[in-house]
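# Fold and geometry: a report
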Amino acid sequence: IFYLYNLIFFPITIFIYFSKIKFIHISSWQIGSYIHQLDTIVKANKLNKNLKLILLCPNFICSNNFISKLYSKEIICLNNIFAYIFLLPFMHNPFISVVPWSYETQNKNSVFNKTHNNYLKKFKKEILKLDINSLKKNFLKKKYKKTICIHVRDNYYETSNTDRNVKIESLNKTIKFLLRKKFNVIRFINSRSTKLNLKNKNYSEYLISSDSDKLDQFLIMNSSKLVIGSQSGVLNYNLILKTPFLLTNAIPINNIMVIKKEDVYIFKKFKKKNKFLNIKEIIDKNYHINPEKILKDIKIIDNNEDEILNATKEILKIKRFKVSKKLRKKYKLSIKKIGAFYTNAKLSDYFLSKNKKII
């Protein structure tokens, strides 16, 4: 039907093509994909093509309705339902649409990290200038100045990519340490998340169940001192917030989903019997792209409590860990063939020093 539609309106298609207009064809109904794909496409366009980009974004197909408002100065955002129905077939026309495959982790030649790296080099900044303050004018930003936000992809996600799931118990040491240091800790949860029995006035669990909750979550993260997370949709707020992010349990690692110089990451490991696979073995077996396709005798190992705790101390500049320039260079060379090589985020010094054998 879409092909027939494009054939009938062929003159319009020709006009759109020569006018350098392109429709953005992304997964706007997924929190992570929406931001990941949209932000990277917009930056790539500013770097290379200067096309006129159109996003069809009626509320019913968007996971977070406020995202399109943030990008309204960069692209044309159409949220009218009638405009959506009329223009939808054009979005499926490859000659006048832009798709995000070049930036997807499953793409062996993904240029996600490279695109963000090039954007920094050209524009001397890592994130687009977005008017976040206009989203909720009465939001008390100062209230969250000493707040650490936590969001992990827990076992609620049982039917898709379970290799990205994380047990909240692995953050117990970190949360207790932050509370001793008098930080306020807000953990974002869903209705089925495991609750932590922590009786401390500075610890709270924020249930995200409505669009209003999602907006508050975004604004709190924007106002906080640090976000600690795992590979989840919410993690992609890193692309549009100045707040430093600590990415724990990164998997897969073809792309590293944090991009800023202030960000730190650590990743999951692969174990065969009593031996961890080194990075070369991981890349050779394509586990850096498709970890869900591992062999039966290989296990995916989550980051332990000490790895997360010390990475937290490191990003907060509470403690420094020594690592040789030679080892760091060796790590960079080990990932030279994959997109992660171009991230501006830093692998934790503690993690690197404790996992020399896998480099």
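Coordinates for the structure precede this section.
Quick caveat, the model's predicted, so the values are computed rather than measured. (Residues numbered from 1 in each chain as written. Predicted model: local features only at pLDDT ≥ 70, side-chain atom pairs only at ≥ 80, totals over all residues. Heavy atoms only, no water.)

### Quick word on the overall build of the protein
Regarding its fold elements, the protein presents twelve helices and 14 strands. Relative to the 2.2 N^0.38 estimate, which gives 21 Å for 359 residues, the radius of gyration of the protein is 21 Å and therefore close to what a compact globule would have. Across the 359 residues of the protein, 55% fall into the buried class. The long-range share in the protein, meaning contacts at least 24 apart out of those at least 6 apart in sequence, stands at 67%. For the protein, the exposed surface amounts to about 18,600 Å²; the carbon and sulfur share of it is 54%. The centroid of the 68 positive side-chain charges in the protein is displaced by 7 Å from the centroid of its 25 negative side-chain charges. (Helix = DSSP H or I, 4+ residues; strand = E, 2+ residues; numbered from the N terminus. Rg over C-alpha atoms; globule rule 2.2 N^0.38 Å. Buried < 20%, exposed > 50% of the residue type's maximum accessible area, 1.4 Å probe, protein only. Contact = heavy atoms within 4.5 Å. Areas by Shrake-Rupley, 256 points an atom, 1.4 Å probe, with all protein chains shown as cover. Lys, Arg positive; Asp, Glu negative; His and termini not counted. Charge placed at Lys NZ, Arg CZ, Asp CG, Glu CD.)

### Details of the packing of helix 3 (residues 31-49) against helix 6 (residues 112-123)
At a minimum axis separation of 10 Å, helix 3 and helix 6 run at an interaxial angle of 45°. Relative to helix 6, the element helix 3 lies oblique. By crossing handedness, the relation of helix 3 to helix 6 is classed as left-handed. Contacts between helix 3 and helix 6 pair His36, Asp39, Thr40, Lys43, Ala44, Lys46 and Leu47 from the former with Phe112, Thr115, His116, Asn118, Tyr119, Lys122 and Phe123 from the latter. A breakdown of the residues in the contact of helix 3 with helix 6 according to their chemical character gives five nonpolar, five polar and four charged. (Axes fitted to C-alpha atoms, helices over the stretch in contact; angles between N-to-C directions. Parallel < 35°, antiparallel > 145°, perpendicular 65-115°, else oblique. Left-handed = near helix turned anticlockwise from the far one by under 90°. Nonpolar A, V, L, I, M, F, W, Y, C, P; charged D, E, K, R; others polar.)

### So, the environment of Thr162
Note on placement: Thr162 falls in the loop between strand 5 (147-151) and helix 7 (172-180). Given a relative accessible area of 45%, Thr162 falls into the partly exposed group. Considered as a pair, Thr162 and Glu292 are 130 residues apart in the sequence and their alpha carbons are 8.1 Å apart.

Purely geometric stuff here, so don't read any function into it on its own.
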